[in-house]
Amino acid sequence: MNTIDHQNKPIVMIGSGLAAYTLIREYRKLNTEQAITVVTQESGDFYSKPMLSTAFASKKDVQQLISTSAAKMMEQLNIQIHSYSNVSAIDPSNHSLLLQSPDNKEHVLQYSKLVLALGADQIRLDIAGDATDQMLTVNDLQDYADFRERITNIKSVLILGAGLIGCEFANDLSLGGYHVEVVDLADQVLGRLLPKEIAIELQSKLSDLGVVWHLGTSAKTFSRAGDGFEIGLANGDVLHADCVLSAIGLRPCTNLAKLANIKTNRGIVVNRQLETSIQGIYSLGDCAEVEGHVLPYVMPIMQAARTLASILAGHDSVLTYPAMPVMIKTPALPLVVSPPASGSEGSWTIKSVENGIEGLFYGPQSQLLGFALAGSATAQRASLTKLLPNILGE
Ligand SMILES: Cc1cc2nc3c(=O)[nH]c(=O)nc-3n(C[C@H](O)[C@H](O)[C@H](O)COP(=O)(O)OP(=O)(O)OC[C@H]3O[C@@H](n4cnc5c(N)ncnc54)[C@H](O)[C@@H]3O)c2cc1C
């Protein structure tokens, strides 16, 4: 049954990323009529963000990354989209928000229910030097277009950060023919996701592609030098590169929520119904925090979107998170990881298998709490996932 909310005021989604669009797709399975309005700083075209870090080697341009245009999304999902528009304030008492359209005009938009699907920003390094404005990040299609343009006709890229995004870019750009160097404060790659043994193997496979590592140190200065840049490291080394890409981590977008007095912590705090501290305002995706969990990955978004769609359609539902392994797209050494919850007691057992490594993290009662699988061992992903505890149970 289609229930129309609040005298036809739309449900408003702020954001046009995977979280907002997956939610709308799920919701439309339950309600085809309710008006929905999307407000987004982007074009509203639908694309797969994980492809941003694997698209250079295959020479994909922005148009090739867009799977459905904003116009098609409007038609297919029966929604309105305000593209290139910024929401600067929410007024919960009036069920309204303030948006700036691309022509810089301000508009007040009323909502029946509001969903914050604001994503996360790449963290910017606080660094000295005259080139800090030249440091690039890649977190959306426009960033990708800018980065692609910047690295045309250059030879070397320095990446700050050896986490998931940094390692994926290192692999992809090396395959694309660039000389790649990577700097990270930690003394191993993918420090939060991999046991040491598998991290060393990944580092070695990427070194085979030509990647040069500067681990256990950080960038302190970033200055122009001729046509390129000079990067001073805390360990005293001085590096040169034609372009610098920062991939040091993501921070959930919480400012808009804070301004509206919505409770925030690391992310926008929501309950298991994805509702924020203000009734009728919900949040999901990279910006949201559920019972202490901020999980900036695709699978948690799918879970949250199904739950919230059901709630917005008037049903009872509660968010559960099963174990949700993440694939790391480093073809030099394919990886699947499901790290144990932070602070878990236990230890890693590492076994070499033919063309792969299996890392299993066992707790004090010999229960499997996490895994990291490399190479051929990734084939065990499904069977091992079944043995892992839920992140958020019933
Ligand atoms: C390079 C890269 C590779 C990745 N690879 C993987 C992977 O392999 N596997 C995996 O599981 N995950 C991966 N991720 C993470 C995954 O892509 C994200 O979890 C997911 O795309 C986040 O979707 P989202 O909708 O929450 O946020 P976003 O896609 O960031 O969308 C946020 C939206 O909010 C809008 N917005 C924000 N503030 C405002 C405002 N004030 N007014 C109007 N609009 C606003 C933005 O314009 C944007 O449309 C990767 C991420 C990156 C960057």
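Residues numbered from 1 in each chain as written. Predicted model: local features only at pLDDT ≥ 70, side-chain atom pairs only at ≥ 80, totals over all residues. Heavy atoms only, no water.

Trainee: Got a sec to walk through the side chain of Ser338? Specific residues and values, please.
Mentor: Along the polypeptide, Ser338 turns up in strand E23 (residues 335–338). Here Ser338 falls in the buried class, since its relative accessible area comes to 7%. Contact partners of Ser338, with chain neighbours within four places excluded, come to Ala323, Pro325, Leu369, Gly370, Phe371 and Leu388. (Helix = DSSP H or I, 4+ residues; strand = E, 2+ residues; numbered from the N terminus. Buried < 20%, exposed > 50% of the residue type's maximum accessible area, 1.4 Å probe, protein only. Contact = heavy atoms within 4.5 Å.)

Trainee: For the site of the ligand, give the residues involved together with the corresponding values.
Mentor: Around the ligand, the surrounding shell holds 31 residues, and the nearest of these are Glu42, Lys49, Asp286, Val298 and Lys329. Residue Ala117 places a main-chain N or O atom 3.2 Å away from an oxygen atom belonging to the ligand. Tyr297 places a main-chain nitrogen or oxygen 3.4 Å from an oxygen atom of the ligand. Burial of the ligand by the protein chains amounts to 93% of its free accessible area of 1000 Å². Sorting the residues of the shell around the ligand by element identifies helix H1 (18–28), strand E6 (86–91), helix H5 (164–175) and helix H8 (298–312) as the ones contributing at least two each. Taken together, the residues of the shell around the ligand break down into 15 nonpolar, 11 polar and five charged. In terms of domain composition, the shell around the ligand takes at least three residues from each of domain 1 (6–50 + 64–120 + 251–312) and domain 2 (124–246). (Near = heavy atom within 4 Å. Polar contact = N/O pair within 3.5 Å; in protein donor to acceptor, adjacent residues only side chain to side chain. Areas by Shrake-Rupley, 256 points an atom, 1.4 Å probe, with all protein chains shown as cover. Nonpolar A, V, L, I, M, F, W, Y, C, P; charged D, E, K, R; others polar. Domains from an automatic or database assignment.)

Trainee: Summarise the pattern of salt bridges; cite the residues concerned and give the values.
Mentor: Within the structure shown, the criterion is met by eight salt bridges. The closest approach of N and O atoms between Lys329 and Glu168, which form a salt bridge, is 2.8 Å. Note that Lys329 is positioned in the loop between strand E22 (326–328) and E23 and Glu168 in helix H5, a separation of 161 residues in sequence. Accessibility expressed as a relative area gives 24% for Lys329, which makes it partly exposed. Lys351 is paired through a salt bridge with Glu358; the nearest N and O atoms lie 3.9 Å apart. When its relative accessible area of 46% is taken as the criterion, Lys351 is described as partly exposed. (Salt bridge = Lys/Arg side-chain N within 4 Å of Asp/Glu carboxyl O.)

Trainee: Tell me about the layout of surface pockets, residues and numbers included.
Mentor: Size it by volume and the second largest pocket reaches roughly 180 Å³. In terms of lining, the second largest pocket is formed by Phe56, Lys59, Arg148, Ile151, Thr152, Asn153, Ile154, Gly176 and Tyr178. (1 Å grid on protein atoms, 1.4 Å probe; cavity = no way out; pocket = protein on both sides within 12 Å on 5 of 7 lines; lining within 4 Å. Points joined across faces, edges and corners; volume = space filled by probe spheres on them.)

Trainee: Describe the nonpolar core, naming the residues involved and giving the relevant values.
Mentor: Ranked by internal contacts, the top residues of the largest apolar core, which has 45 residues, are Phe147, Ile159, Leu173, Leu190, Leu194, Leu202 and Leu335. The element that contributes the greatest number of residues to this core is H5, accounting for five residues. When residues no more than four places from it in sequence are discounted, the contact partners of Leu335 are Leu190, Leu194, Ile198, Leu202, Val326, Met327, Ile328, Thr330, Leu373, Ala374 and Thr378. Among the nonpolar cores identified, the runner-up in size contains 36 residues, and Tyr21, Val115, Ile301 and Leu308 belong to it. (Core = buried A, V, L, I, M, F, W, Y, C linked by side-chain atoms within 4.5 Å.)

Trainee: Tell me about the sheet that holds strand E26 (residues 368–375), and please be specific about residues and values.
Mentor: The five strands are arranged E22-E23-E26-E25-E24 in an open sheet whose pairing can be described as antiparallel. Across the chains shown, the open sheet's two edge strands, defined by having one partner strand only, are E22 and strand E24 (347–353). Direction aside, the axes of adjacent strands within the sheet are offset by 20° on average. Both E22 and E23 contribute to a ladder of three bridges, which runs antiparallel. Opposite Met327, over in E23, you have Val336 as the bridge partner. Sheet strands in contact with helix H6 (residues 196–208) are E23, E24, strand E25 (356–362) and E26, and its direction is about 155° off that of E25. (Pairing = 2+ DSSP bridges. Axes fitted to C-alpha atoms, helices over the stretch in contact; angles between N-to-C directions.)

Trainee: Outline empty space enclosed by the protein, listing residues and values.
Mentor: Using the criterion set out here, one finds one cavity of 30 Å³ or more in the structure. As a volume, the largest cavity reaches approximately 70 Å³. Residue lining of the largest cavity: Leu274, Leu284, Gly285, Ala288, Val290, His293, Leu295, Pro300, Ile301, Ala304 and Tyr321, and that is the complete set. The set of elements that each furnish at least two residues to the lining of the largest cavity consists of strand E21 (288–290) and H8. It is H8 that contributes the most residues to the lining of the largest cavity, three residues altogether.

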